Structures are given as structure tokens and as C-alpha cells.
Amino acid sequence: MRIVLDTNIILSVVSRNSPYHEVWQELLAGTFDLYLTTEILLEYEEKLTTNFNPIVAEINLQILSVLPNVFSQTVYFNFPIIEKDPDDNKFIDCAFACNAHFLVSNDRHYHVLKQLGFPKINLVKLEEFIEILRMIKAGTTPGIA
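The sections below set out a description of the structure shown in this document. All values derive from a computational prediction rather than experimental measurement. (Residues numbered from 1 in each chain as written. Predicted model: local features only at pLDDT ≥ 70, side-chain atom pairs only at ≥ 80, totals over all residues. Heavy atoms only, no water.)

As a further point, take the pattern of salt bridges. Tallied over the full model, the rule gives five salt bridges. Across the pair Glu-43 and Lys-90 runs a salt bridge whose closest N-O atoms are separated by 2.6 Å. Of this pair, Glu-43 sits in helix 3 (residues 38–51) while Lys-90 sits in helix 5 (residues 89–98), placing them 47 residues apart in sequence. The exposure class of Glu-43 is buried, given its relative accessible area of 12%. (Salt bridge = Lys/Arg side-chain N within 4 Å of Asp/Glu carboxyl O. Helix = DSSP H or I, 4+ residues; strand = E, 2+ residues; numbered from the N terminus. Buried < 20%, exposed > 50% of the residue type's maximum accessible area, 1.4 Å probe, protein only.)

Here it is as C-alpha cells:
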């Protein structure tokens, strides 16, 4: 399962104290493949360093750099879809380029995706993604094409 995680999701899942930490654990377990671009990784680095102890941020970034199920994606198309926060378009571009099953974000700027016929990006909130992961662990197929 190919996934793109918005930065707000990364910030929500890396802490062991987070109620959403199971997403990070499932990434570590290889339950899904995470796709990112250099731009996305740089944003992760910036926000993790700002929101967490720099050592904790560095450890998590190192983990992302060595996991076999984390892939660097080259983007050939740039879609100017989100006008209110154009910086978020890099996640859409990555999701399109890797043919992601889901783009996971709780940012409401992405809701414009639900109105578009192209590019078709499946947007889910963090809570929905956790349910998908639980279905996979239970052996149920969550309807992924």
C-alpha cells in the first residue's frame, strides 16, 4: 500500500505518547510503503526539529532514511490545486507521481481534492487511515485497488 503522509500526520504519530503512534509503529513494521520527495523530507526535518527535541527529530529522520519501505519519489508534474496553502501541493504531486493509495492529512485545504476528477487522489484523515491499518492487520481488505 503506497501512502503519502502530510507533515501534520508525521508530527501526530512519532511520539510514543501520541494516541496515533500506531501509525508510526506500522510504518516501522512495514505494513505500508511511505513515499516522499526531497521537499517533503526537508519539511519533515524542519517541523520535527521545531516541535521536538533536536535529537529526537534526528533519530526519527534517520529512521526514515534507512527503512526499506520508505521511498524517494521523483515528481514530474506540479499541480497548482491548493491556492490557500500552495506549499501543500507537494504532497499532492508526490501522491500523483507514486500512484498513492492514500494521501493522509487532517488539513482541510485538501478537501478540494474530493471535488476534482483529475488528478484522482484518495484523501483520508488520520483516524480513517488507522481504521484501514486495523482492517489490514485483521486480514480484511479495505478496498484498495
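Scanning all chains against the criterion turns up five aromatic pairs. Both rings, one in Phe-32 and one in Phe-129, keep their centres 5.2 Å apart while their planes meet at 80°; by these two values the pair is edge-to-face. You can see Phe-32 sitting in the loop between helix 2 (21–29) and strand 2 (33–36) and its partner Phe-129 sitting in helix 6 (residues 126–137), a full 97 residues away along the chain. The pair formed by Phe-32 and Phe-129 is uniform in burial state, with each residue classed as buried. Arranged with centres 6.4 Å apart and planes meeting at 25°, the rings of Phe-77 and Phe-79 form a pair that is stacked. For Phe-77, a relative accessible area of 51% corresponds to the exposed category. By relative accessible area, which is 15% here, Phe-79 ends up buried. Among the aromatic side chains, those forming a connected cluster through ring pairs are Phe-77, Phe-79 and Phe-96. (Phe/Tyr/Trp six-rings, centres within 6.5 Å; stacked < 30°, edge-to-face > 60°.)

Time to look at helix 6. With 12 residues, helix 6 extends 17 Å from end C-alpha to end C-alpha; this agrees with the ideal 16 Å at 1.5 Å per step. Turning to helix 6, its buried residues number three or more, namely Leu-126, Phe-129, Ile-130, Ile-132 and Leu-133. What you see down the axis of helix 6 is that its buried residues fit within an arc of 160°, all on one side. On its buried face, helix 6 is in contact with strand 1 (2–5), helix 1 (7–13), helix 2, strand 4 (102–104) and strand 5 (123–124). Gly-139 sits one or two residues past helix 6 and shows a positive phi near 85°. (Expected span 1.5 Å × (residues − 1). Arc of directions from axis to C-beta. Contact = heavy atoms within 4.5 Å.)

A few words now on the sheet that holds strand 4. Taken in spatial order, the five strands make up an open sheet running 3-2-1-4-5, and their pairing is parallel. Only two strands of the sheet have a single neighbouring strand rather than two, namely strand 3 (70–72) and strand 5. In terms of strand pairing, strand 2 meets strand 3 through three bridges, oriented parallel. Bridge pairing in strand 3 places Tyr-35 opposite Phe-71. In the packing of helix 5 onto the sheet, the strands contacted are strand 1, strand 2 and strand 4, and the crossing angle to strand 1 comes to about 175°. (Pairing = 2+ DSSP bridges. Axes fitted to C-alpha atoms, helices over the stretch in contact; angles between N-to-C directions.)

We now examine the packing of helix 3 against helix 5. Working note: a packed helix pair is described by the angle between its axes plus the distance between those axes. Contact pair helix 3 / helix 5: the axes reach a minimum separation of 9 Å and the direction vectors enclose 135°. As judged from the angle between their axes, helix 3 and helix 5 are oblique. Our pair here, helix 3 against helix 5, has a crossing hand that is left-handed. Facing Glu-39, Ile-40, Glu-43 and Tyr-44 of helix 3, the residues of helix 5 in contact are Lys-90, Phe-91 and Cys-94. When its residues are assigned to classes, the contact of helix 3 with helix 5 shows four nonpolar, no polar and three charged. (Parallel < 35°, antiparallel > 145°, perpendicular 65-115°, else oblique. Left-handed = near helix turned anticlockwise from the far one by under 90°. Nonpolar A, V, L, I, M, F, W, Y, C, P; charged D, E, K, R; others polar.)

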